[in-house]
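Geometric and topological summary
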Amino acid sequence: MTTVGHRREEDPPRPSRTSLVGRLDTLTIEGRSHADRAVLIPRGELVQGSTDTVARTLDALPDSTGRVDLDMAGVVFMDTAGLQVLDLLDAYGRLRRIPVTATRWSGQPRRVLELTGLDTTDPLRTQAHRLSEAAMATAPVPSPVSRERAEELNLLRAEVEQLRRAITTRPVIDQARGVLMATHSCTSEQAWEILREASQRSNTKLHTLAAVVTAGVETDGPTPPPELRQALRTAVEHCLR
């Protein structure tokens, strides 16, 4: 029997594999250990709560661990919490006086590293990941390149937030399209045009209108307000004539 970081004398010299932590929201971490080297494989998103997950993983490593390598290929998204994770890993390596690496970044996380000026091969090789607010207040005026990177990062964050909202609201919109298709014997494209036009005519957000349409078909569902009923009626007549 082999445990992480420890091996009995009679065991063959082969790497062991075990799960070091459980799942917390959108991040899981697998662990492999051989001799005094631990390989951690995060999968999912580095968002709020991820720092605690990584901290628990590091705390679970044996005292005999002499090196920690993280394979970040399975990380598909990160925000500023990902930078906090890097700070945690850096502090852990300094405290334990052992090498800690984080490699194989790709996709959106790699782009964030680029925009924040970190080494995309291994950001833990960078001496300082982020300036604190106090340090930023006394720092020199940012260069045009750094300002451009900051603007690009803000745009990237806005795009990600828009995608998150779209993912959240998409199910109710699809349900409303199904209701319209069944009610008016129209195609999916026509149902979409009805929703879009009714949204514009009533000055109502699309997902709000879709929720009203979906709720209206329930047995005890509320009746849509007069202005929405009129906007839907006009949109149906215009799109299906």
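Everything numeric in this text was worked out from a predicted model, so none of it was measured. (Residues numbered from 1 in each chain as written. Predicted model: local features only at pLDDT ≥ 70, side-chain atom pairs only at ≥ 80, totals over all residues. Heavy atoms only, no water.)

1. Re the overall build of the protein
In plain terms, the rule: Numbering of helices and strands runs from the N terminus; a helix is a DSSP stretch of H or I covering at least four residues, while a strand is a stretch of E covering at least two. Throughout, exposure labels follow a simple rule: accessible area from a 1.4 Å probe, protein chains only, divided by the maximum for the residue type, with under 20% read as buried, over 50% as exposed, and the rest as partly exposed. To measure how exposed things are, a 1.4 Å probe is used in the Shrake-Rupley method; for residues, cover is taken only from the protein chains shown.
When its secondary structure is counted, the protein shows eight helices and six strands. The buried share of the protein, taken over its 241 residues, is 37%. Summing over all exposed atoms, the protein offers an accessible surface of approximately 14,600 Å²; the carbon and sulfur share of this is 52%.

2. Some words on the packing of helix α1 (residues 50-59) against helix α2 (residues 80-96)
Just so we agree on the cut-off: Where helices are involved, their axes are fitted lines through C-alpha atoms of the stretch in contact, as for all axes, and angles between N-to-C directions lie from 0 to 180°. Roughly parallel means an angle under 35 degrees; roughly antiparallel, over 145; roughly perpendicular, 65 to 115; everything else is oblique. Throughout, a crossing is termed right-handed when the near helix is turned clockwise from the far one, and left-handed when it is turned anticlockwise from it by less than a right angle. Between two residues, a contact is recorded if the distance between any of their heavy atoms is within 4.5 Å. When residues are sorted by character, Ala, Val, Leu, Ile, Met, Phe, Trp, Tyr, Cys and Pro go into the nonpolar class, Asp, Glu, Lys and Arg into the charged class, and all the rest, Gly among them, into the polar class.
Relative to each other, α1 and α2 sit at 25°, their axes nearing to 9 Å. On the basis of the axis angle, α1 is roughly parallel to α2. Considering the relative orientation of α1 and α2, their crossing is right-handed. On α2, the residues touching S50, T51, V54, A55 and L58 of α1 are A81, Q84, V85, L88, L89 and Y92. For the contact of α1 with α2, a count of residues per class yields eight nonpolar, three polar and no charged.

3. Some details on the environment of I41
Along the polypeptide, I41 turns up in strand β3 (residues 37-46). The sequence separation of I41 and I29 amounts to 12 residues, and the corresponding C-alpha distance is 5.4 Å. Setting aside its immediate chain neighbours within four residues, I41 contacts T28, I29, E30, R32 and D71.

4. Quick look at the state of the cysteines
Test applied: Disulfides are defined in this document as cysteine sulfur pairs within 2.5 Å.
Across all of its chains, the model carries zero disulfides by this definition. Just so you know, C186 is unpaired, no disulfide at all, and the nearest cysteine sulfur is the one on C239, 8.9 Å from it. Under the relative-accessibility criterion, C186 is labelled buried at 8%.

5. A look at helix α3 (residues 107-115)
The condition that has to hold: As used here, the arc belongs to the directions running from the helix axis to the C-beta atoms.
All of the buried residues in α3 are Q108, P109, V112, L113 and L115. End-on, the buried residues of α3 take up no more than an arc of 165°, which puts them together on one face. Directly beyond the C-terminal end of α3, a positive phi value near 80° is found at G117.

6. Thoughts on the side chain of S199
Within the secondary structure layout, S199 lies in helix α6 (residues 188-202). Given a relative accessible area of 12%, S199 falls into the buried group. Ignoring anything within four residues of it in the chain, the contact list for S199 reads T204, K205, L206 and L209.

7. Re the nonpolar core
Applicable threshold: By convention a nonpolar core is built from buried Ala, Val, Leu, Ile, Met, Phe, Trp, Tyr and Cys residues, the set being connected through side-chain atoms within 4.5 Å.
Core analysis: the largest hydrophobic core is formed by 29 residues, its most contacted members being L46, V68, L70, L89, V100 and W105. When residues no more than four places from it in sequence are discounted, the contact partners of V68 are A38, L40, L61, Y92, I98, P99, V100 and T101. Listed in part, the 19 residues of the second largest apolar core include I173, A191, A231 and L232.

8. Structural notes on the confidence of the model for the protein
Going by this rule: Known as pLDDT, the predictor's confidence for each residue is given on a scale from 0 to 100.
In the predicted model, the protein carries a mean pLDDT of 78, and 75% of its residues have values of at least 70. Across residues 1-25 the pLDDT falls below 50, and counting only partners more than four positions away or on other chains, this stretch makes 46 contacts in the model. Counting contacts from residues 127-139, a segment whose pLDDT is below 50, to residues more than four positions away or on other chains yields 13 contacts.

9. A short note on the pattern of salt bridges
Counted only if it meets this: The rule for a salt bridge is simple: a side-chain nitrogen of Lys or Arg has to be within 4 Å of a carboxyl oxygen of Asp or Glu.
On inspection of all chains with the given rule, the structure shows 11 salt bridges. When the shortest N-O distance is used, the salt bridge between D69 and R37 registers 2.6 Å. Taken together, the positions of D69 in strand β4 (residues 67-71) and R37 in strand β3 put the pair 32 residues apart, joining distant regions of the chain. With its nearest N and O atoms 3.3 Å apart, the salt bridge here joins E114 to R111. Of this pair, E114 and R111 both sit in helix α3, separated by three residues, roughly a single helical turn. For R111, a relative accessible area of 37% translates into the label partly exposed.

10. Considering unusual backbone geometry
Even without a glycine there, the phi angle at A35 is positive, about 60°. One non-glycine residue, N203, lies in the positive phi region at around 55°.

11. Here we look at helix α8 (residues 226-240)
Test applied: For a helix, the expected span equals 1.5 Å multiplied by the residue count minus one.
Here α8 contains 15 residues, and its C-alpha end-to-end distance of 21 Å stays within 8% of the 21 Å for a straight helix at 1.5 Å per residue. When α8 is considered as a whole, its buried residues turn out to be L228, A231, L232, A235, V236 and C239. Within α8, the buried residues cover an arc of 135° as seen down the axis, which keeps them to one side. Turned more than 90 degrees away from the buried face of α8, the exposed residues are P226, E227 and E237.

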